Structures are given as C-alpha cells and as structure tokens.
Amino acid sequence: MDTRRLTTATLLGVVIAVVKGPFTFPITDYLIIIEVPILAISFLLLGKGGATYTGLVNGVLQSAIKVSFFPYDLIFAVSYGALIDGFGTLLKVGAAEKTNTRRLAVALGLASTVLGVAAAYVFISLNLSPGINISGYSTAGLLEVVYTPIVIWGIASGVLGGLISARLWERNLKSRFKSFQAPVV
C-alpha cells in the first residue's frame with residue numbers, strides 16, 4: 001500500500017478521535033455529523049477499505065482515551081467504516097469521473113442509521129450510559145423516546161454528510177489527490 005494513502009487514512013482517523021474522544025454516548029451520536037464526511041472522504045480517496053481503516057485508527061485512539069468503553073468504541077468505529085465501505089461499494093457511489101452525490105448520501109444515511117440504532121441498543125441494553133434511565137419505559141416508549149430520534153438523526157446526518165463530502169471531494173480534494181487516488185467502484 002502507498003504510504004501516502006496510509007498516512008492520509010491515519011490522519012483522518014486521528015481527527016475523528018480528537019473530536020469525539022472526550023465525549024460518551026449519547027453526545028458522540030450527535031458528533032457523527034463530523035465523522036460522516038471524514039469517513040466518506042476516506043472511502044473516496046482510498047477506495048474499498050479506506051473508511052474501515054480510518055475507523056480502526058479512530059477506534060483504537062478512542063479506546064485509549066475511554067478505557068471503560070474499550071471494546072465498544074473499537075467495534076463501533078470499525079463497523080461504521082465497514083458499513084460506509086460496504087454501502088458505498090454496493091451503491092457504486094464513485095464513478096470513473098464524478099462521484100454520484102445522491103448515492104453517496106443514501107449510502108451514508110443507511111450506514112449512520114444502522115450504526116446509530118445498533119450502538120443505542122447495545123449501550124441501553126448493557127446500561128452503559130448512566131445518564132439514560134429506561135426502567136420506566138415500555139418497548140413502545142423506548143421506540144418513541146430513544147430509537148426514533150436516532151433513526152431521524154442517522155438519516156439526516158448521513159445525507160447531510162454525503163452532500164458535504166461529495167461537494168468537498170469534487171470541488172477541492174479530488175484534483176489534489178488524483179495522483180494517488182485508488183479507483184472507487
């Protein structure tokens with residue numbers, strides 16, 4: 001692998017960890033709006049596996065910062081990158097000449113929603129978030145109070161992140177990184 005690609009992916013993962021590292025669930029779910037475009041740009045820049053590697057770097061660093069959440073931060077960070085790589089590849093967001101903004105927005109919206117619901121489920125089920133007390137809620141109440149906002153925020157942040165990252169990539173970054181860009185299918 002080209003060392004420039006590896007360095008870029010590593011730096012992108014460090015940026016995410018610096019922004020999200022000091023916070024825990026549920027605040028980190030709202031900071032996903034910063035993480036989404038960075039992982040998308042990593043995918044566009046490095047191709048398949050780019051977002052996963054960047055997520056791995058982010059997860060390792062966040063695990064070092066928040067030791068009590070060790071396996072969860074690492075698992076969710078890598079999973080998020082893998083979801084972006086998977087949906088991005090499946091929906092063929094990167095064309096030879098131009099990135100398909102709509103497909104990128106859909107891929108990121110799907111990845112954000114899936115990960116948001118999974119993370120909320122794990123954190124609530126294992127009672128890892130002391131600020132959230134679910135003892136008085138029924139299943140319908142949990143759906144209304146917890147999961148519905150996460151789904152809405154997942155879709156909104158994914159779509160917005162897709163629009164932002166596609167615009168940044170096409171207008172500013174693509175020409176600068178053309179010399180070592182991996183083909184994205």
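As the structure is a prediction and not an experimental result, all values here were calculated from the model. (Residues numbered from 1 in each chain as written. Predicted model: local features only at pLDDT ≥ 70, side-chain atom pairs only at ≥ 80, totals over all residues. Heavy atoms only, no water.)

(A) Expanded view of the overall build of the chain. What the chain contains, in helices and strands, is seven helices and zero strands. Listed by position from the N terminus, the elements making up the chain come as α-α-α-α-α-α-α. In the chain, which comprises 185 residues, the proportion classed as buried is 44%. Restricting the contact set of the chain to residue pairs at least 6 apart, pairs at least 24 apart contribute 76%. Surface summary for the chain: the accessible area is close to 9400 Å², and the carbon and sulfur share equals 68%. (Helix = DSSP H or I, 4+ residues; strand = E, 2+ residues; numbered from the N terminus. Buried < 20%, exposed > 50% of the residue type's maximum accessible area, 1.4 Å probe, protein only. Contact = heavy atoms within 4.5 Å. Areas by Shrake-Rupley, 256 points an atom, 1.4 Å probe, with all protein chains shown as cover.)

(B) Structural context of the pattern of salt bridges. For the coordinates displayed, the defined rule picks out three salt bridges. Linking D73 and K66 is a salt bridge whose minimum nitrogen-to-oxygen distance equals 3.6 Å. Assigned by exposure class, D73 and K66 land together as buried. E170 is the salt-bridge partner of K174, the closest N and O atoms lying 3.6 Å from each other. K174 gets classed as buried once you look at its relative accessible area, which sits at 11%. (Salt bridge = Lys/Arg side-chain N within 4 Å of Asp/Glu carboxyl O.)

(C) Broad picture of the nonpolar core. Counting residues in each nonpolar core, the largest one holds 28 residues, and the members touching the most others are Y80, I84 and L104. Broken down by element, this core gets its largest block of residues, nine residues, from helix α3 (residues 32-46). Excluding residues that lie within four positions of it along the chain, I84 makes contacts with L39, F43, A51, L108 and A111. Core analysis: the second largest hydrophobic core is formed by five residues, A120, I124, V146 and Y147 among them. (Core = buried A, V, L, I, M, F, W, Y, C linked by side-chain atoms within 4.5 Å.)

(D) Up close: the packing of aromatic side chains. Considering all chains together, one arrives at one aromatic pair under this definition. Between Y30 and W153, the aromatic rings sit 6.0 Å apart at their centres with planes inclined by 55 degrees, giving tilted as the arrangement. Of the two residues, Y30 is situated in helix α2 (residues 27-30) and W153 in helix α7 (residues 139-173); the sequence distance between them amounts to 123 residues. Residue class for W153 comes out partly exposed when judged on its relative accessible area of 29%. (Phe/Tyr/Trp six-rings, centres within 6.5 Å; stacked < 30°, edge-to-face > 60°.)

(E) Expanded view of the confidence of the model for the chain. Summarising the model, the chain shows a mean pLDDT of 83, and 82% of its residues fall at 70 or more. The element-level mean pLDDT for the chain is lowest in α2, coming to 77, with helix α4 (residues 50-65) highest at 94. (pLDDT = per-residue confidence, 0-100.)

(F) Molecular detail of the side chain of K20. Its location among the elements puts K20 in helix α1 (residues 3-20). When near neighbours in sequence (up to four residues on either side) are disregarded, K20 contacts T28, L31, E35, Q62 and K66.

(G) Highlighting the packing of α1 against α4. Here α1 crosses α4 at 40 degrees, and the two axes come no closer than 7 Å. Classified by the interaxial angle, the pair formed by α1 and α4 is oblique. Here α1 runs over α4; the crossing is right-handed. Here L6, A9, T10, L12, G13, V14, I16, A17 and K20 of α1 come into contact with α4, specifically with Y53, T54, V57, N58, L61, Q62 and I65. Taken together, the residues of the contact of α1 with α4 break down into 10 nonpolar, five polar and one charged. (Axes fitted to C-alpha atoms, helices over the stretch in contact; angles between N-to-C directions. Parallel < 35°, antiparallel > 145°, perpendicular 65-115°, else oblique. Left-handed = near helix turned anticlockwise from the far one by under 90°. Nonpolar A, V, L, I, M, F, W, Y, C, P; charged D, E, K, R; others polar.)

(H) Region of the structure containing the packing of α3 against helix α5 (residues 70-90). One can describe the packing of α3 onto α5 by two numbers: an axis separation of 10 Å at closest approach and a directional angle of 55 degrees. As summarised for this structure, α3 and α5 are arranged oblique, according to the angle between their axes. Note on packing geometry: the crossing formed by α3 with α5 is right-handed. Together, I32, E35, V36, L39 and F43 of α3 and Y80, G81, I84, D85, G88 and T89 of α5 make up the contact between the two elements.

(I) Seen up close, the side chain of D73. Turning to its location among the elements, D73 is positioned in helix α5. Judged by its relative accessible area of 12%, D73 falls in the buried class. Among residues more than four places away in sequence, those in contact with D73 are G59, Q62, S63 and K66.

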